Amino acid sequence: GAQTAPFEIRDEINVNENLRLKYRYLDLRRPSVHAPIVLRSKIAKIIRDYYEENAFVEIETPMLMKSTPEGARDYLVPSRVSGFDRYFQIVRCFRDEDLRADRQPEFTQVDMEMAFADENDIMALNEGLMKRVFQQVLGVELETPFQRLPYAEAMGRFGSDKPDTRFGLELMDVTHAVQGCQFAVFQNAVAAGGTVRAICVKGAAASLSRKEIDKLVEVAKTYGAKGLAYTRWTAEARSSSFEKFLTEEETAALEAAVGMQQGDVLLIAADADWEKACTVLGAVRLAVGEKLGLIDKDKFNFLWVTDFPLFEYSEEE
């Protein structure tokens, strides 16, 4: 008789990943593993058709790798294409970087080159592509043109250069509200020309327990913050990590600035570097959004982030 399979060939199973990879040929028969591969093939065809309709030629550029014994982390791909004013390729890329959940060493991307184009031409062309892919694959109609958000505004409002605009909870600048206070964390940030940013989570005092807030403090630390200041105002009491250092007037001014009321939770990040303060709070904002179920996963909010800074300040050098 036939051998028993190492695991059932169906979706609702919980199998060790090593076992799945060892029997990859069986795993690929499961619908949840099989379907994305078919989908990927369909998307690649839509992309090819779309660019071809827009007078692009598909070209494969060389993929040569130079080994670097001295440990420099580079893959060298020399490719010069001349005489084609519009070309594209669906191309394998390699990145010698540390693994993260959203970062693979090997992945496929769409490259396109267009002569005599400005950023508006490129944005319009690729909006058309996204519109078509979503239409044909998901039956979802995307609205074009997509929203455009300058980098500084994306960082200031959402604390991210890839902001999730599917829910509110935007960052607020409260630097002016805490200007003269005696709390060292705020004081130092203000004195260094930095920023103090806040999010006020309405009606969340019940769901964001002290334990949950401690988890958010850990999130902040992952992004390089020393901590996260908070006030939790329940019907019974107020607990705060910093209000004891403020006068009543200063506390009232801060609350007025963010529109805080009983039942709310106030979360604050401060740093001499405004981008760091925003990044920290942006990560906390996403964690709160996930925790409280504020993010509609069926919604697609496409946007372009424009005016990226050309250079980045390096803390190491």
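Residues numbered from 1 in each chain as written. Predicted model: local features only at pLDDT ≥ 70, side-chain atom pairs only at ≥ 80, totals over all residues. Heavy atoms only, no water.

**Regarding the side chain of Asp264**
Just so we agree on the cut-off: Strands are runs of DSSP state E lasting at least two residues, helices are runs of H or I lasting at least four, and both sets are numbered from the N terminus onward. In this scheme, a residue with accessible area under 20% of its type's maximum is buried, one over 50% is exposed, and one in between is partly exposed, where area comes from a 1.4 Å probe on protein chains only. We call two residues in contact whenever any of their non-hydrogen atoms come within 4.5 Å of each other.
Within the secondary structure, Asp264 sits in the loop between helix H8 (248-258) and strand E9 (265-271). The exposure class of Asp264 is buried, given its relative accessible area of 3%. In contact with Asp264, not counting residues within four places along its chain, are Cys200, Val201, Lys202, Gly203, Ala204, Ala205, Thr231, Arg232, Trp233 and Gly259.

**Some words on the sheet that holds strand E7 (residues 229-233)**
Selection rule: Criterion used throughout: strands pair if DSSP finds at least two bridges between them. Note on definitions: angles span 0 to 180 degrees between N-to-C directions of axes, and those axes are lines fitted to C-alpha atoms, for helices only across the stretch in contact.
With antiparallel pairing, the five strands of this open sheet are ordered in space as E5-E6-E9-E7-E8. Each edge of the open sheet is held by one strand with a lone partner, namely strand E5 (172-173) and strand E8 (238-240). Looking at chain direction, E5 and strand E6 (residues 195-201) are connected through two bridges and run antiparallel. By the bridge assignment for E6, Met172 is matched with Ala198. Contacts between helix H6 (residues 184-191) and the sheet are confined to E6, E7 and E9, with E9 contributing the most and set at about 45° to the helix.

**Comments concerning unusual backbone geometry**
Between Thr144 and the following residue, Pro145, the backbone shows a cis peptide bond with an omega angle of -5°. Looking at where Pro145 falls in the secondary structure, it is placed in the loop between helix H4 (119-138) and strand E4 (147-150). Residue Ala55 is not a glycine yet carries a positive backbone phi of 65°. Within the fold, Ala55 resides in the loop between helix H3 (31-53) and strand E1 (57-58). The class of Ala55 is exposed, set by a relative accessible area of 53%.

**A closer look at helix H9 (residues 274-291)**
In plain terms, the rule: Multiplying 1.5 Å by the helix residue count minus one yields the expected span of that helix. The definition of a polar contact used here is a pair of N or O atoms within 3.5 Å, where within protein one atom must be able to donate a hydrogen and the other to accept one, and adjacent residues in sequence count solely through side-chain atom pairs.
Taking 1.5 Å as the rise per residue, H9 with 18 residues should run 26 Å; its terminal C-alpha atoms sit 26 Å apart, in good agreement. Among the structural elements, helix H5 (151-158), E6, helix H7 (210-222) and E9 are those in contact with the buried residues of H9. Put simply, Asp273 is the residue that caps the front of H9, since its side-chain oxygen is 3.0 Å from the backbone nitrogen of Glu275. Once H9 finishes, Gly293 follows within two positions and takes phi at roughly 65°, a positive value.

**Digging into the pattern of salt bridges**
Where charged atoms from two side chains of opposite charge come close, those side chains can pair. We apply this condition: Each reported salt bridge corresponds to a side-chain nitrogen of Lys or Arg within 4 Å of a carboxyl oxygen of Asp or Glu.
As enumerated under the stated definition, the model contains 21 salt bridges in all. The partner of Glu8 in a salt bridge is Arg10, and the shortest N-O contact between them spans 2.8 Å. We classify Arg10 as partly exposed; its relative accessible area is 33%. With a shortest N-O distance of 2.7 Å, Asp49 and Lys45 are connected by a salt bridge. Taken together, the residues span about one helical turn, with Asp49 and Lys45 both in helix H3 at a distance of four residues. A relative accessible area of 31% means that Asp49 is categorised as partly exposed. Where salt bridges share partners, they join Arg20, Arg24, Asp27 and Arg30 into one cluster.

**Digging into the sheet that holds strand E3 (residues 106-114)**
Strand order across the open sheet formed by three strands is E1-E2-E3, with mixed pairing between neighbours. Only two strands of the sheet have a single partner each, and these edge strands are E1 and E3. Summarising the sheet, E1 and strand E2 (residues 86-94) pair through two bridges and their orientation is parallel. Across the sheet, residue Val57 finds its bridge partner in E2, namely Tyr87. Sheet strands in contact with H3 are E1, E2 and E3, and its direction is about 150° off that of E2.

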